[in-house]
Amino acid sequence: MTHPTLSIIAGAAALSAALAGTAQAQDYSFSTTRSELATPVTAMEVHERLRAEAETICADEFATSRGAVAMRRQARCVAGIVEEVVAKIGHANLDIAHAATDTEASVSLAMKP
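Each chain has its residues counted from 1, following the order in which its sequence is written. Two thresholds apply to this predicted model, a pLDDT of at least 70 for residue-level local features and 80 or more for giving and counting side-chain atom pairs, whereas whole-chain, interface and lining totals are computed over all residues. Computation of side-chain values: all heavy atoms of the structure, hydrogens and water removed.

### Remarks on the pattern of salt bridges
Alright, step 1. Throughout this description, the term salt bridge denotes a Lys or Arg side-chain nitrogen within 4 Å of a carboxyl oxygen of Asp or Glu. The full count for this structure, using the stated rule, is three salt bridges.
Alright, step 2. In this structure, E84 and K88 form a salt bridge, with 3.4 Å as the shortest nitrogen-oxygen distance. Here the residue E84 and the residue K88 both occupy positions in helix α3 (residues 67-89), the gap between them amounting to four residues, near one helical turn.
Alright, step 3. The buried label goes to any residue with under 20% of its type's maximum accessible area, the exposed label to any with over 50%, and the partly exposed label to all in between, with areas taken from a 1.4 Å probe on protein chains only. Judged by its relative accessible area of 15%, E84 falls in the buried class.
Alright, step 4. Overall, the relative accessible area of 45% leaves K88 in the partly exposed class.
Alright, step 5. Residues joined by salt bridges that share partners form a network here, namely E36, R49 and E53. Each helix is a run of H or I in the DSSP string that is no shorter than four residues. Each strand is a run of E no shorter than two, and both are numbered from the N terminus.

What follows is the structure, encoded as structure tokens:
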């Protein structure tokens, strides 16, 4: 049984917004299969892989930047890429994984002193 690959080749819209003129935006792509999104557990694994790839892309873009402003821009860059790819894939299990991750991050920030 073959599993069609879902491939997202995104323009650099999310990345460009996060960079705000600090560097040249790059295109990025992300691929997954329908079988990887079949269960909430595997969809969460896909989401974690997507976040890791976004962190790598954004870390490369902000490699020469330092300080709190650069860290916020990098975080916005990661969030923008993840949000864009999740929306373009449009799969319910991935949407649930994304919402759960966003909720965990919000709770974690609220609990910091």
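### Quick look at α3
Alright, step 1. By this rule, a helix spans an expected 1.5 Å times one less than how many residues it contains. Here α3 is 23 residues long and its end C-alpha atoms lie 33 Å apart, about the 33 Å a rise of 1.5 Å per residue gives.
Alright, step 2. Taken together, the buried positions of α3 are A70, C77, V78, G80, I81, V82, E84, V85, V86 and I89.
Alright, step 3. Count one or two residues on from α3 and you reach G90, which has phi positive near 60 degrees.

### Some words on the state of the cysteines
Alright, step 1. Pairs of cysteine sulfur atoms within 2.5 Å are identified as disulfides in what follows. Inspection of every chain in the model, using the stated rule, returns one disulfide.
Alright, step 2. One disulfide bridge connects C58 with C77, the sulfur atoms lying 1.9 Å from each other. Looking down the S-S bond of the C58 and C77 bridge, the torsion is -80 degrees, so its handedness is left-handed. Here C58 is found in helix α2 (residues 40-61), whereas its partner C77 is found in helix α3, with 19 residues between them in sequence.

### Some points on α2
Working note: α-helix, 3.6 residues per turn, so residues spaced by three or four point in the same direction.
Alright, step 1. Its 22 residues give α2 an end-to-end C-alpha distance of 31 Å, which sits within 8% of 32 Å, the value for a rise of 1.5 Å per residue.
Alright, step 2. For α2, the complete set of buried residues consists of A43, V46, H47, L50, A54, I57, C58 and E61. Seen along its axis, α2 keeps its buried residues to an arc of 105 degrees; they face one direction. Exposed side of α2, more than 90 degrees from the buried face: V41 and D60 are the residues found there. Arc definition: it is the arc formed by the directions from the helix axis to the C-beta atoms.

### Details of the environment of Q74
Alright, step 1. Along the chain, Q74 falls in helix α3.
Alright, step 2. Separated by 12 residues in sequence, Q74 and F62 place their C-alpha atoms 6.7 Å apart.
Alright, step 3. We call two residues in contact whenever any of their non-hydrogen atoms come within 4.5 Å of each other. Those residues in contact with Q74 that lie beyond four places of it in its chain are E55, C58, A59 and F62.

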